[in-house]
Amino acid sequence: MASFGVRGMGQPLGIRICCCRVCTCINFGFVLSRIGLLKLMQLGLAMLCEGLLIRYGVPYADSIGQALTSFLATTGHCFTTTGILLLCYAFSDKSYNLIRQSLFETLFNGLASCMYFSSSSYMGFACVVWLHPQFLVRPGFWAYPAMTACYYMGYAAGILHALDAYLAFRHFRGAR
């Protein structure tokens, strides 16, 4: 487990300040491990996408169509599940060992990857077909660059979830 950054038995918990330790319930070893950083990057991309979609996409929902709804649903569901998993893993070694080795983590990340790829492709189509012509005609039309950045970040999130699915599958098969 030490290769994944999960705290071993001999490692102290929390942050040492002078002669005492604070935040002993948080496993900082996991948060700073490869899997923890991967989860944090997934959360960060989902948060950025969600913010761009709400700020710049919702006012032009009529132009974007179902691509906006699809992408909002994907980022919302993946953000929530990844956030819950990160909290469980950061506060409990037992949760990490039980959930990570189950099939749930592999299936969730594989499905999240497929959802991000399909939503990003749909949003890319909507950007090229409906938003780009408006961007060329209307000055100050910020929906096109924002939605373009959003679907690029969606592809990056899909790659991160695919990598996490591969690592979870390896963990499921017993390669630690």
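Thresholds, definitions, all that
Residues numbered from 1 in each chain as written. Predicted model: local features only at pLDDT ≥ 70, side-chain atom pairs only at ≥ 80, totals over all residues. Heavy atoms only, no water. UniProt positions renumbered as here; feature names shortened; annotations may be inferred. Helix = DSSP H or I, 4+ residues; strand = E, 2+ residues; numbered from the N terminus. Phe/Tyr/Trp six-rings, centres within 6.5 Å; stacked < 30°, edge-to-face > 60°. Buried < 20%, exposed > 50% of the residue type's maximum accessible area, 1.4 Å probe, protein only. Lys NZ or Arg CZ within 6 Å of the ring centre and 35° of its normal. Axes fitted to C-alpha atoms, helices over the stretch in contact; angles between N-to-C directions. Left-handed = near helix turned anticlockwise from the far one by under 90°. Contact = heavy atoms within 4.5 Å. Nonpolar A, V, L, I, M, F, W, Y, C, P; charged D, E, K, R; others polar.

1. Examining the UniProt feature "transmembrane region" (unreviewed entry) in the protein chain
Item 1. When the UniProt feature table is mapped onto this chain numbering, "transmembrane region" (unreviewed entry) sits at residues 13-33, 70-91, 103-131 and 151-169.
Item 2. With 100% helix and 0% strand, residues 70-91 has its two end C-alpha atoms placed 32 Å apart.
Item 3. Taken as a whole, residues 151-169 contains 100% helix and 0% strand, while its terminal C-alpha atoms sit 26 Å from one another.

2. What about the packing of aromatic side chains?
Item 1. Under the criterion given, the structure shown has 12 aromatic pairs.
Item 2. Centre to centre, the rings of F30 and Y96 are 5.4 Å apart; their planes meet at 55 degrees, and the pair counts as tilted. Taken together, the residues span a long stretch of sequence, with F30 in helix α1 (residues 28-31) and Y96 in helix α5 (residues 93-100) at a distance of 66 residues. Note on accessibility: F30 and Y96 belong to one class, buried.
Item 3. With a centroid separation of 5.1 Å and an interplanar angle of 35 degrees, the aromatic rings of F135 and Y144 are classed as tilted.
Item 4. Pairwise contacts between aromatic rings join F117, Y151, Y152 and Y155 into one cluster.
Item 5. In this structure, R55 is placed above the aromatic ring of Y56, and the distance from its NZ or CZ to the ring centre is 5.1 Å.

3. With respect to the packing of helix α2 (residues 34-57) against helix α4 (residues 66-91)
Item 1. Packing of α2 against α4 leaves a shortest axis separation of 9 Å and a crossing angle of 150 degrees. Crossing of α2 over α4 shows left-handed handedness. For the pair α2 and α4, the contacting residues are G36, K39, L40, Q42, L43, A46, M47, C49, E50, L53, I54 and G57 in the first and L68, F71, L72, T75, G76, F79, T82, G83, L85, L86 and Y89 in the second.
Item 2. For the contact of α2 with α4, the per-class residue count stands at 14 nonpolar, 7 polar and 2 charged.

4. Topic: the environment of A168
Item 1. Position of A168 among the secondary structure elements: in helix α7 (residues 143-173).
Item 2. Given the relative accessible area of 0%, A168 is considered buried.
Item 3. Separated by 68 residues in sequence, A168 and R100 place their C-alpha atoms 6.3 Å apart.
Item 4. Look past the residues within four positions of A168 in its chain and what remains in contact with it is R100, E105 and T106.

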